[in-house]
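Structural description and commentary
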Amino acid sequence: MAELSFFVGVIGNVISVLVFLSPVEAFWKIVKRRSTEEYECLPYICTLLGSSLWTYYGIVTPGEYLVSTVNGFGVLAESIYVLIFLFFVPKPRFLKTITLVLALNILFPAIAIAGTRTAFGDAKTRSNSMGFICATLNIIMYGSPLSAIKTVVTTKSVKYMPFWLSFFLFLNGAIWGVYALLVHDVFLLVPNGMGFFFGTMQLLIYAFYRNAKPNVRDEEEALAPSQPLLS
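Residues numbered from 1 in each chain as written. Predicted model: local features only at pLDDT ≥ 70, side-chain atom pairs only at ≥ 80, totals over all residues. Heavy atoms only, no water.

1. Some thoughts on the nonpolar core
To keep things clear, this is the line we draw: Here the nonpolar core consists of buried residues drawn from Ala, Val, Leu, Ile, Met, Phe, Trp, Tyr and Cys, with membership extended through side-chain atoms lying within 4.5 Å. Relative accessible area decides the class of each residue, using a 1.4 Å probe on protein chains only: under 20% of the type maximum gives buried, over 50% gives exposed, and in between gives partly exposed. For helices the rule is a DSSP run of H or I covering at least 4 residues; for strands it is a run of E covering at least 2, with both sets numbered from the N terminus onward.
Among the nonpolar cores identified, the biggest contains 42 residues, and Leu53, Trp54, Val82 and Met130 are the most heavily contacted of them. Per element, the largest residue contribution to this core is nine residues, and it comes from helix α4 (residues 65–88). One finds Val152, Ile205, Tyr206 and Tyr209 within the second-largest nonpolar core, a separate group that totals seven residues.

This is the structure in structure tokens:
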């Protein structure tokens, strides 16, 4: 069983690397156009947050080195994406984006790690508390691309819903869910089961609207900046 879990974990590592690399095409477009256009940074901020804490979880939890190594790679990849996004994001959205980055990628991890180390002297309790935090954040990470669904449904266009990100999140949830069952890790099982569900949902939506005729007028309205309540 240990050999099987290791084999599945290695497959999970490979798929997770593909998940972390799946936005490369989108970010290459951002660099070429020198603008983030209407791409959302939240999925990458959430993924960076999750990867940071999962890396720590893998370090403090015995036998979870496969979790720490792949998420260490994720920290590097997602940091690059977030930095690119900050460099090319339109000025009206810069303050909101940098605030999210500082709050979720610097302040929150520091508080979570320091808090669990201070509050819990027992290593197992500390590991379990961090696992609970990571599981919660992973559910948010898997669901964060769903923020694009309203735009997809309104415009009948999948332009701003990256296929490969949704596809590899689906695969990632499935394989890590199997790994979690083999090693009896509920903190991995719950979020990755949700990831499998969210990924399936996103792929179904993508398949439904992939060949639909885009509604140009609705696309312009959906992507237009909202008007202030007071002028």
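2. Brief notes about helix α8 (residues 163–183)
Quick reminder: α-helices carry 3.6 residues per turn. Residues three or four places apart thus point the same way. What counts here: A helix's residues, less one, multiplied by 1.5 Å, set its expected span.
In this model α8 runs 30 Å from its N-terminal to its C-terminal C-alpha over 21 residues, within 8% of the 30 Å that 1.5 Å per residue would give. Of the residues trailing α8, His184 is marked for its positive phi of about 60°.

3. Quick notes on the packing of aromatic side chains
Threshold: Pairs were defined over the aromatic rings of Phe, Tyr and Trp, the Trp ring being its six-membered one, requiring ring centres within 6.5 Å. Orientation was assigned from the angle between planes: stacked under 30 degrees, edge-to-face over 60, tilted for the rest.
Taken as a whole and judged by the stated rule, the model has ten aromatic pairs. Note on Phe20 and Phe73: the rings are 6.3 Å apart at their centroids and 55° apart in plane angle, and the pair reads as tilted. Taken as a pair, Phe20 in helix α1 (residues 2–21) and Phe73 in helix α4 lie far apart in primary sequence, 53 residues in all. For Phe20, a relative accessible area of 6% puts it in the buried group. We classify Phe73 as partly exposed; its relative accessible area is 30%. Among the aromatic residues, those joined into a ring-pair cluster are Phe27, Tyr44 and Tyr81.

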